[in-house]
Amino acid sequence: MSEAPARSKQQLRARAAAVEVFLERFAVRLVLSIAIIASLIPADWVAELDGVFLLIFTTEVGLRVFTVVVDAHRVAPEDRLGAASEQGVDAPYYGVRRRWAAVALLIIDGIALLSFLPLPVGAGGARWLRVFRLTRMLLLFGYWAPLVRDLLGILARRERARQLVLMGFVVAVLSFAGAVLLYYLSDSPVDVNDDGVVDKADRSFLALLWWSFRQVQDPGNMLASPNAVPVVVISLLLTVFGLFLVSFLIGLGTDVVHELIELTRLRPAGLRGHTVVVNIRSSTRRLLQELMRYYRKLVPSDAPLLSAQWFGDLKRRGVLGTRYLVVGDEEDPPEFVRQPELSRIVYRQRPEDEEELIVRADLLLAKRVVLLADQDDPDADAETIRTMVTLVEHVRERERAHRTMARQRVLIAEVLDESNVPAAQSALATGASSFRGFVIPTEKLLALFVASVVRRPGLGELLEELLTSRGHEIYTCFFDARGLGFSLSEPPDMGRSATGAMDVLLERGLARTHDGGRVIPLGLLLEREGAPGERDFDVSINPTDDEARARVRGFVGIADRFGSIWSIASDLPRQPEAAPAFDRDRAGVTLPRLQRTHRRKTTRVLVCGFRPGSIYMLEELFRSDPGGEVLVLVESAEARTEALAALDAHSELVKRGLMHGRHGVFERQVDGMIAVSLDRDASSGVCAMHLCVADAMASRNLVDLPAGFGHVADLDAIIFVAPNHDAADKRIATSLLKLEQLLGMRAPAQTRRPRVVAEVVDGRLAARLEQRYAELGIDDIRVFSTQELRAYFLFQSVVVPGFDTVYAELLGSWGQSFVHRHVTGDSARAGRCTFAGLAEHLRSKGDVLIAIELVDEDGRARLRVAPCGDQPGTVFDLADLRGVWVIAPDHEDRSLSPDA
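In this report, we go over the structure that sits alongside the text. (Residues numbered from 1 in each chain as written. Predicted model: local features only at pLDDT ≥ 70, side-chain atom pairs only at ≥ 80, totals over all residues. Heavy atoms only, no water.)

### As for the sheet that holds strand E14 (residues 665-668)
Put simply, the rule is: DSSP bridges decide pairing: two strands pair if at least two such bridges lie between them. The helix and strand labels rest on DSSP assignments: H or I over at least four residues marks a helix, E over at least two residues marks a strand, and numbering proceeds from the N terminus. Under this scheme, a helix contributes an axis fitted over its contacting stretch, all axes are lines through C-alpha atoms, and angles between N-to-C directions fall in the 0 to 180 degree range. The criterion used for residue contact is that any of the two residues' heavy atoms lie within 4.5 Å.
Pairing within the open sheet is mixed, and its eight strands lie in the order E14-E15-E16-E13-E12-E17-E18-E19. The two strands at the open ends of the sheet, each matched to only one other strand, are E14 and strand E19 (781-785). The average angle at which neighbouring strand axes cross in this sheet is 20°, direction not considered. Relative to strand E13 (residues 629-634), strand E12 (residues 604-608) runs parallel, the two being bridged by five bridges. Pairing of Val605 across the sheet is with Val630, part of E13. Those strands touched by helix H25 (residues 763-776) are strand E18 (755-760) and E19, and its axis lies near 160° from that of E19.

Written as C-alpha cells, this is what we have:
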C-alpha cells in the first residue's frame, strides 16, 4: 500500500475515533439521556416534539454508523487512549467496543427511530417502538461503568463480602425466628398481610415470614395497637435488632463510599489545556490564589459578546471549566482546596511511579506544568530535574509511537541553586520540540528582591503591585514563539535601531487612552543563539544603543492585562517606520525639576541569619557598593560551618567557570575575615565579610556587635534572613521589636536610621508587622514573607514567559534598574499635566516613566502605575506631584551624598 492512502485511512480512523469519543463525553450522554427519557413521557406535548427528537437521534445514529463503517472500534487501544485524552475523556472510561455489539445497537436504534415517524403500525401507531430506546440508555449511562466496576470490586473484597453475607444471614435468621415464634406462640388474630381481613391467610408461614422481615428492615411496620402481647414483644425485638442492622449497614456504606472516593482520586481527571502544579508547599496556596484572581481579572473578554471568540476566551480563562490540577504527597487534599475561591481545583495524590503521575494528572494534555521545589529537601533540585527528565522522555516516546505532530507545552521548573539551572535546561534539550521550558531560580530572585528593597526605599510598594495580580504586571510579548498563547503569523520588523523601536512602542502605548489599555514598554526581546533547552532570547531593558545587537523578537511592557500587549503587537507595522521624536516640551507645561533620589548606602550592613540563597544577596550588596563590609551572624558553630561550606562550594563553581552570570569569590583570610572579589566587574575591588556566631535576638549583641561593627544604629542596613521553615519567625519578630526600641532611643541624636528589611515565612505575620509599622509611621522597616514572594515569582513565571530574566535585569545593579526621582522643594509648579506628557518628557532624557507619586486628600503620597482613562493620575495637578519611578541606568548612583 502506498504511503498516501495509508495516511488517508489513518486520518479517517482518527476522525472516527474522535467522533466516538465525542459521543461518549459526559455532557453529550447527559443530553441524550434526557432526550430519551423525555421522549418516553406519555404526555401530549411530547408528540409535538417528535421532529426535534428525530433530528437529535438521527444525528447520533448517523455518527455511530460512521464510526462502525470506518471500523473505528478496531483502532489500537493506544490510539483510542490518545483520542479519548484529546477530547478530555478519562482513558479508563474509553473501551474498545466489539463489532457485533455496535451493529446490534444500531439495529435497535433504527427500529426506535421509526417511532418518531407517523407510521400506521397497530392501533396506537408506532409509539410503542420507543421502548427500544430504553436499551440505548445502558450505553449512554456507560459513563458510570468504571464507577460500577469500582463499587463491585470494593464489595467483592473478602472482608466486605463477609460483612455483607453476615448481615444477610442475620436478617434471614431473625426473620425466620420471628415467623416461627409467631406461628407457635401467638393465637391472637393479627392482620399480617394488611388486607383488612383477619383470616386463614394471616396464619400462613410465608405471610408471617414476610411480616417478620418487614419488622427488621422498617421500624414503621410495627403494630398500630398492642392488642396481642406476644406479637408486640416479637415486633419490638425485631425492630430493635433491625435498628442495629441499619446502623451497621450505614457504617458499611460509609466505608464503601470512602474507598470509592479514594479510587476516584487515582483516576485521570479528564482535563485538557490545564495547568498542573506538582508538589504542595507553603507557597502553593498563594500561587493558586494569584492565578485564580488573575484570570478573573481578564473577564469579561474583549471579544464581541456571545461570539465564538468570546466563549473561547471564557473557556481559556477557566470560566467554563477547570483550569488547575494540584499534585501533592498526602492522600487527602489540603485544606485550602476546600475554600470557595479554590474549590474548582482538582487534587491528585502523587504516586511513587512517575509514569503513573503522568497519567493521573493528565500531564500529556496539560498546557502548562509547574514543578515546585521542596525547600526542606537537601536534594530538591535533583528531584525536580529527575521529574523533568521523566516527563520529557515519556512525552517524546508517546509522540514517536503514534507518529503525532509535536505540540509544545510550557514547563516551568523551580530550582533553588542557580548552579543547577544548566542541568535543568539540559533535561529539556531532547524535548525542545515538545516543551518550551523556563527554569526559575527563586532563591536568586528572592535575594535580588531583598537587596533592591534595601538599596531603594519605596521600591517594595512598586514591586508588590507589579508582582501580584491586583494591578499591573510586567509582560513579555514574543512575536513568533511556539507553545505560548500569542504568536503572529507575520512578525513585525522593528528595524535595526533599538532606541527607535522603543520610541515606536512607547508612542503607541501612550496613545491608548481607554481604561486599562495603556502599555509602557520597558525593553526589547532579542534573538539569541543557544543550545536546545537553553534560553533562546536576551532582554535589553531601555536600550541606549542605536543598533540592536540582534533581531527583535518581541518586547517587554507594563500593562494591566495581556490583552493590551496583544493589541499593541497586532497593530505593529510589518515594515520599519520612522521613530517619533520626543522633546522636553511635549508635556505642554513647565515641569518641576525631578532630581534623582540617592539610594541607601550599603557599606556597613548587618545580616542576621544565613541560607545558601543569601550568597546572591551578599554579592548584590557588594556589587552595589564596592569596598563595603558585611557582618553575618549565625546562631551556632554548626550553622557557621554549614555557611562556610556553602560559600566555598559557590566560590569553587565560580573559579571553574561553572556559574553563569555575575558572581563573586569568597576566600577565607588568616584573621578570619572573608575577602569577596567580584572578578567579573573590574571596578568592584575587594570587599570584606565577617561570619560570626552570635544571638541576633539578644540586646547585648545588638549594642556591641562583633568584628568592631559597634551599635546597630551606626549601620547602613540590617537584614534578617529567614530559614526555609517558620520556626525562626518568632525570633525575628522579637528582634524587630527590640530594634524598634534601640533605634528609637538613639533617634534624636541621629540624622538617619539604618534601613531594616526582614524576611519571615508566615505571610500573616508579615502582614501584621507591616500594618504595625504603617500605623506607627515607621518607613525604615519592611517585612516580607519569603513564601509569598516565592508564590509571586512563580505566578509571574506562569503568566509571563521569561519573567526571571526580565526581573533579574531590573533588580540587578549592573544595568537599567528601577530608579526614583523626587520633586525638589524649590521647583514646585502650578498647572495640570498628563501622565503621557510627563512620560514623553522623561523619554527625551532617556528615562522610561512607570509610575507617579501623587498626594491624595489625606496628605499621603499614593503610587499610580501607568494610569489612563478615568483612572487617578491620568491628568493631575503638578502641585500634587511628589516623585516618579522610572527605568534608568543604575550606575549613575555611584557617587552618594553623605546624607543618603
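### Some thoughts on unusual backbone geometry
To keep it simple, the criterion reads: Three exposure classes are used, based on accessible area relative to the maximum for each residue type with a 1.4 Å probe and protein chains only: buried under 20%, partly exposed in between, and exposed over 50%.
In the Ramachandran plot, Asn279 falls in the positive-phi region, its phi being about 90° despite a non-glycine side chain. Checked against the element boundaries, Asn279 lands in the loop between strand E1 (275-278) and helix H12 (284-297). A positive phi angle, near 45°, is found at Ala866, a position not held by glycine. The topology assignment puts Ala866 in the loop between strand E23 (861-865) and strand E24 (875-877). Judged by relative accessible area, Ala866 falls into the buried class, the value being 1%.

### Details of the packing of helix H19 (residues 498-511) against helix H28 (residues 835-843)
What counts is decided by this rule: Oblique is the label for every angle not falling under 35 degrees (roughly parallel), over 145 degrees (roughly antiparallel), or within 65 to 115 degrees (roughly perpendicular). For this classification, the nonpolar set comprises Ala, Val, Leu, Ile, Met, Phe, Trp, Tyr, Cys and Pro, the charged set comprises Asp, Glu, Lys and Arg, and every other residue, Gly included, is treated as polar.
The N-to-C vectors of H19 and H28 enclose an angle of 170°; their axes lie 11 Å apart at closest approach. Classified by the interaxial angle, the pair formed by H19 and H28 is roughly antiparallel. Contact residues: Thr499, Met502, Asp503, Leu506 and Leu510 in H19; Ala836, Ala839, Glu840 and Arg843 in H28. Partitioned by chemical class, the residues of the contact of H19 with H28 number five nonpolar, one polar and three charged.

### What to know about a nonpolar patch on the surface
The condition is simple: What makes a patch is a set of residues exposed beyond 30% relative accessible area and free of salt bridges, joined within 9 Å when like-charged and within 5 Å when nonpolar (Val, Leu, Ile, Met, Phe, Trp, Tyr). Per-residue accessibility takes into account occlusion by the displayed protein chains alone, with areas from the Shrake-Rupley method and a 1.4 Å probe. Salt bridge, as applied in this entry: a Lys or Arg side-chain nitrogen positioned within 4 Å of an Asp or Glu carboxyl oxygen.
On the surface, a cluster of nonpolar side chains totalling about 760 Å² of accessible area is made up of Phe176, Leu181, Tyr183, Tyr184, Leu185, Phe205 and Leu206. Considering every element that reaches the nonpolar patch, the biggest residue donor is helix H9 (residues 158-185), with five residues. Position of Tyr184 relative to the elements: it lies in helix H9.

### Things to note about the environment of Pro889
Within the fold, Pro889 resides in strand E25 (residues 881-889). The exposure class of Pro889 is buried, given its relative accessible area of 15%. If we ignore the near neighbours within four places in the chain, the residues touching Pro889 are Arg596, Gly815, Gln816 and Val819.

### Some remarks on the pairing of strand E16 (residues 686-693)
Counting buried positions along E16 gives six out of eight residues, so the element sits mostly inside the fold. Relative to E16, E13 is paired through six bridges, and the arrangement is parallel. Across the sheet, residue Val634 finds its bridge partner in E16, namely Val693.

### A word on the sheet that holds strand E2 (residues 324-328)
Reading across from one edge, E3-E2-E1-E4-E5-E6 is the order of the six strands in this open sheet, with parallel pairing throughout. The outermost strands of the open sheet, each flanked by one partner alone, are strand E3 (346-349) and strand E6 (435-441). Adjacent strand axes in the sheet meet at a mean angle of 15° when their direction is disregarded. Sheet topology note: the E1/strand E4 (residues 368-371) ladder contains four bridges and is parallel. Across the sheet, Val277 pairs through a bridge with Val370, a residue of E4. Contacting strand E5 (409-415) and E6, helix H17 (residues 442-455) runs over the sheet at an angle of about 45° to E6.

### Let's talk about H25
Using the following cut-off: Given the number of residues in a helix, its expected span is that number minus one, multiplied by 1.5 Å. Of all possible arcs, the one meant is that of the directions from the helix axis to the C-beta atoms. Counted as a polar contact is a pair of N or O atoms within 3.5 Å, where, for protein atoms, one must be capable of donating a hydrogen and the other of accepting one, and residues adjacent in sequence contribute only when both atoms are in side chains.
The end-to-end C-alpha distance of H25 is 20 Å, a good match for the 20 Å that 14 residues give at a rise of 1.5 Å each. All of the buried residues in H25 are Gly763, Leu765, Ala766, Leu769, Glu770 and Tyr773. End-on, the buried residues of H25 take up no more than an arc of 155°, which puts them together on one face. Those residues of H25 that are exposed and angled more than 90 degrees off the buried face are Arg764, Arg768 and Glu775. The N-capping residue of H25, defined by a side-chain oxygen 3.1 Å from the backbone nitrogen of Arg764, is Asp762. Count one or two residues on from H25 and you reach Gly777, which has phi positive near 75°.

### Description of the pairing of E4
Two faces make up the sheet, and in a regular strand the side chains alternate between them. Here E4 shows two buried faces, one formed by Arg368 and Val370 and the other by Val369 and Leu371. Alignment of E4 against E5, held across four bridges, turns out to be parallel. Residue pairing across strands places Arg368 opposite Val410, the latter belonging to E5.

### Some details on the nonpolar core
For clarity, the cut-off: Only buried Ala, Val, Leu, Ile, Met, Phe, Trp, Tyr and Cys residues count toward a nonpolar core, and they belong to the same one when joined by side-chain atoms within 4.5 Å.
Counting 142 residues, the largest nonpolar core has Phe449, Leu462, Ile474, Leu522, Phe555, Phe818 and Leu838 as its most contacted members. Ranked by the residues each element gives to this core, the list is headed by H17, at nine residues. Setting aside its immediate chain neighbours within four residues, Phe449 contacts Leu463, Leu467, Phe784, Leu789, Phe793 and Leu811. One finds Cys608, Leu705, Phe720 and Val783 within the second-largest nonpolar core, a separate group that totals 33 residues.

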